[in-house]
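As a plain string of letters, each chain reads:
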Amino acid sequence: MSGLDLYLAACSMLAGGVVGSFLNVVIHRLPMKQSIVSPGSRCPECGHGIRRRHNIPVLGWLMLKGRCHDCDAAISLRYPGVEALTALLFLASFLVYGVQPRTPFVWTFLAALIVVAFIDIDHRIIPNKIVVPGSVIGFGASVALDPARWWQYLVAGLGASGFLLLLGMIWRGGMGMGDVKMALMMGCVLGSSVIVALFASFLIGGIGGALLIATGLRGRRDRVPFGPYLSIGGGFAALAGAPVLEWYVRSFL
Ligand SMILES: [Zn+2]
């Protein structure tokens, strides 16, 4: 790795941390229909604004030792967690795609997946405000980056969402329309790699569901949100879908 590459890798992580900090605000405010622009970050407990010197991704939380400067309320480990996760995923995208227009596109997609996953965990909804524009912008960007295969993104989007719609009709209460729209977004962005995304989502969802039941955290009949699993599968496919699909085709077909 050259010095410039190292510098750009560090910049990617930093950008991920800053974006992650913004994603925390989106995750918290979007379901409550509050503005995500103003006011700035504040303590959810006492409402005091976070001071500029504490508003640094991950480090701010460490400096405050996980407590609000004003009211001493505990600040959830999730905030620095989302920032660190976004930073690592942005770094991984840069390492996979390098200095290419696809890198910021993958960053945007991963950011959308993180927001959907946490909002689905908190509220059991997948917000239209993310997945509807995500499908339109995702399809437009995919076609702009890869015009010769525009039809592949269309087929992938319609195929993935149609598949989940069918599953939802067979297992009532299984998949919701949010999951269907999210699959549309994933297909529009991932193209043929959406197969890898869905396979990974169901695999991890199956293992995760079994673990939750085995540990008694959830009953057999509880509805488990599927958005987080779709997010994990989609993120995996965005970073490693093409080589995995190639390997599968070469080995088994
Ligand atoms: Zn406070």
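Placed above this text is the structure.
These lines cover the structure that appears in this document, whether it is placed above or below. Bear in mind the structure is a predicted one, so any value in this text is a computation, not a measurement. Sequence order as written defines the numbering, with residues in each chain counted from 1. A pLDDT threshold of at least 70 governs which residues receive local features in this predicted model, and a stricter bar of 80 or more applies before side-chain atom pairs are shown or counted, although totals over entire chains, interfaces and linings include all residues. Side-chain metrics rest on all non-hydrogen atoms present in the structure, leaving aside hydrogens and water.

### A closer look at the overall build of the protein
Strands here are runs of E lasting at least two residues and helices are runs of H or I lasting at least four, both read from the DSSP assignment and numbered beginning at the N terminus. Counting its regular elements, the protein contains 9 helices and 0 strands. Secondary structure elements of the protein occur, N-terminal to C-terminal, as α-α-α-α-α-α-α-α-α. A compact globule built from 253 residues would reach a C-alpha radius of gyration of about 18 Å, and the protein, at 19 Å, matches this within 12%. Principal-axis analysis of the C-alpha atoms gives the protein an extent of 60 × 50 × 35 Å. Three exposure classes are used, based on accessible area relative to the maximum for each residue type with a 1.4 Å probe and protein chains only: buried under 20%, partly exposed in between, and exposed over 50%. Burial statistics for the protein: of 253 residues in total, 41% are counted as buried. The contact rule is simple, with two residues in contact once any of their heavy atoms fall within 4.5 Å. Considering only contacts in the protein between residues 6 or more positions apart, those separated by 24 or more positions represent 68%. Surface accessibility in these figures is a Shrake-Rupley result with a 1.4 Å probe; residues are shielded only by whichever protein chains are displayed. Total accessible area on the protein is roughly 14000 Å²; 69% of this is exposed by carbon and sulfur atoms. When the 20 basic and 11 acidic side-chain charges of the protein are each reduced to a single mean position, those positions are 5 Å apart. We take the radius of gyration over the C-alpha atoms and set the globule estimate at 2.2 Å times the residue count to the 0.38 power. In summary, the charge assignment counts Lys and Arg as positive and Asp and Glu as negative, without counting His or the chain termini. By convention, charge coordinates are those of NZ in Lys, CZ in Arg, CG in Asp, or CD in Glu.

### Things to note about the coordination of the zinc ion
Coordination sphere of the zinc ion, protein contribution only: Cys43 (SG), Cys46 (SG), Cys68 (SG) and Cys71 (SG), at 2.3 to 2.4 Å. Around the zinc ion sit 4 donor atoms; with metal-centred angles ranging over 104 to 116°, the donor geometry is tetrahedral. Going along the chain, you hit the donors of the zinc ion in the pattern C-x2-C-x21-C-x2-C. Residue Cys43 is found in the loop between helix H1 (3-29) and helix H2 (59-63), and its partner Cys68 is found in the loop between H2 and helix H3 (78-97); the two are separated by 25 residues along the sequence. A donor here means an N, O or S atom no more than 2.8 Å from the metal, or no more than 3.2 Å when the metal is Na, K or Ca. Since water is not included, a site may seem to lack partners. Irregular is the label for any site that misses the other tests, which are tetrahedral for four donors with all angles between 85 and 135 degrees, and square planar for four donors or octahedral for six when opposite donors exceed 155 degrees and the remaining angles lie between 65 and 115.

### Description of H1
One less than the number of residues in a helix, times 1.5 Å, gives the span that helix is expected to have. Taking 1.5 Å of rise per residue, the 27 residues of H1 would be expected to cover 39 Å, and the 39 Å separating its terminal C-alpha atoms lies within 8% of that figure. Within H1 the residues assigned to the buried category are Ala9, Ser12, Gly16, Gly17, Gly20, Ser21, Leu23, Asn24, Val25, Val26, Ile27 and Arg29. Contacts from the buried residues of H1 go to H3 and helix H4 (102-123).

### Section: the packing of aromatic side chains
Any two of the Phe, Tyr and Trp rings considered here, Trp counted by its six-membered ring, make a pair once their centres fall within 6.5 Å; the pair's planes then place it as stacked at under 30 degrees, edge-to-face at over 60, or tilted in between. Enumeration over the complete set of coordinates arrives at 6 aromatic pairs. Ring geometry for Trp247 against Phe252: centres 5.7 Å apart, planes inclined by 85°, an arrangement best described as edge-to-face. On the accessibility criterion, Trp247 (46% relative accessible area) is partly exposed. Exposure remark for Phe252: the relative accessible area of 53% places this residue in the exposed category. Seen from their ring centres, Tyr248 and Phe252 are 5.0 Å apart, and the 40° between their planes marks the pair as tilted. Here the residue Tyr248 and the residue Phe252 both occupy positions in helix H9 (residues 227-252), the gap between them amounting to 4 residues, near one helical turn. Tyr248 sits in the partly exposed class, given a relative accessible area of 42%.

### Points about the packing of helix H6 (residues 150-170) against helix H7 (residues 177-190)
Only the stretch in contact is used when a helix axis is fitted, and all axes are lines through C-alpha atoms; the angle between N-to-C directions ranges over 0 to 180 degrees. Packing of H6 against H7 brings their axes to within 7 Å, and their N-to-C directions diverge by 160°. The orientation of H6 with respect to H7, classified from their angle, is roughly antiparallel. The handedness of the crossing between H6 and H7 is right-handed. Between H6 and H7, the residues in contact are Tyr153, Ala156, Gly157, Leu158, Ala160, Ser161, Leu164 and Leu165 and Met177, Asp179, Val180, Ala183, Leu184, Gly187, Cys188, Val189 and Leu190, respectively. Classifying every residue of the contact of H6 with H7 by side-chain character gives 13 nonpolar, 3 polar and 1 charged. The labels follow the angle: roughly parallel below 35 degrees, roughly antiparallel above 145, roughly perpendicular from 65 to 115, and oblique for the rest. In this scheme the crossing of two helices becomes right-handed for a clockwise turn of the near helix relative to the far one and left-handed for an anticlockwise turn of less than a right angle. Ten residues, namely Ala, Val, Leu, Ile, Met, Phe, Trp, Tyr, Cys and Pro, are considered nonpolar, four, namely Asp, Glu, Lys and Arg, are considered charged, and the remaining ones, Gly among them, are considered polar.

### A few points about the nonpolar core
General note: in soluble globular proteins, nonpolar side chains tend to be found buried as a group. Counting 44 residues, the largest nonpolar core has Phe109, Met182, Met186 and Leu190 as the members making the most contacts within it. Listed by contribution, the elements that provide at least two residues to this core are H1, H4, helix H5 (128-145), H6, H7, helix H8 (194-214) and H9. For this core, the leading source of residues is H4, giving 12 residues. Domain ranges listed in this record stem from an automatic or a database domain assignment. Residues from two domains meet in this core; each of domain 1 (1-99) and domain 2 (100-253) gives at least three. The residues contacting Met182, other than those within four sequence positions of it, are Leu113, Val116, Ile126, Val131, Gly227, Leu230 and Ser231. For the purposes of this section, nonpolar cores are sets of buried Ala, Val, Leu, Ile, Met, Phe, Trp, Tyr and Cys residues that join through side-chain atoms within 4.5 Å.

### Some remarks on the pattern of salt bridges
Each salt bridge in this description consists of a side-chain nitrogen of Lys or Arg and a carboxyl oxygen of Asp or Glu lying within 4 Å of one another. Overall, the coordinates contain 3 salt bridges when judged by the stated rule. Here Arg51 makes a salt bridge to Asp70, at a shortest N to O gap of 3.1 Å. Residue Arg51 is found in the loop between H1 and H2, and its partner Asp70 is found in the loop between H2 and H3; the two are separated by 19 residues along the sequence. Since its relative accessible area comes to 33%, Asp70 is described here as partly exposed. Of the charged contacts, one joins Arg149 and Asp146 as a salt bridge, the two residues approaching to 3.2 Å between their closest N and O atoms.

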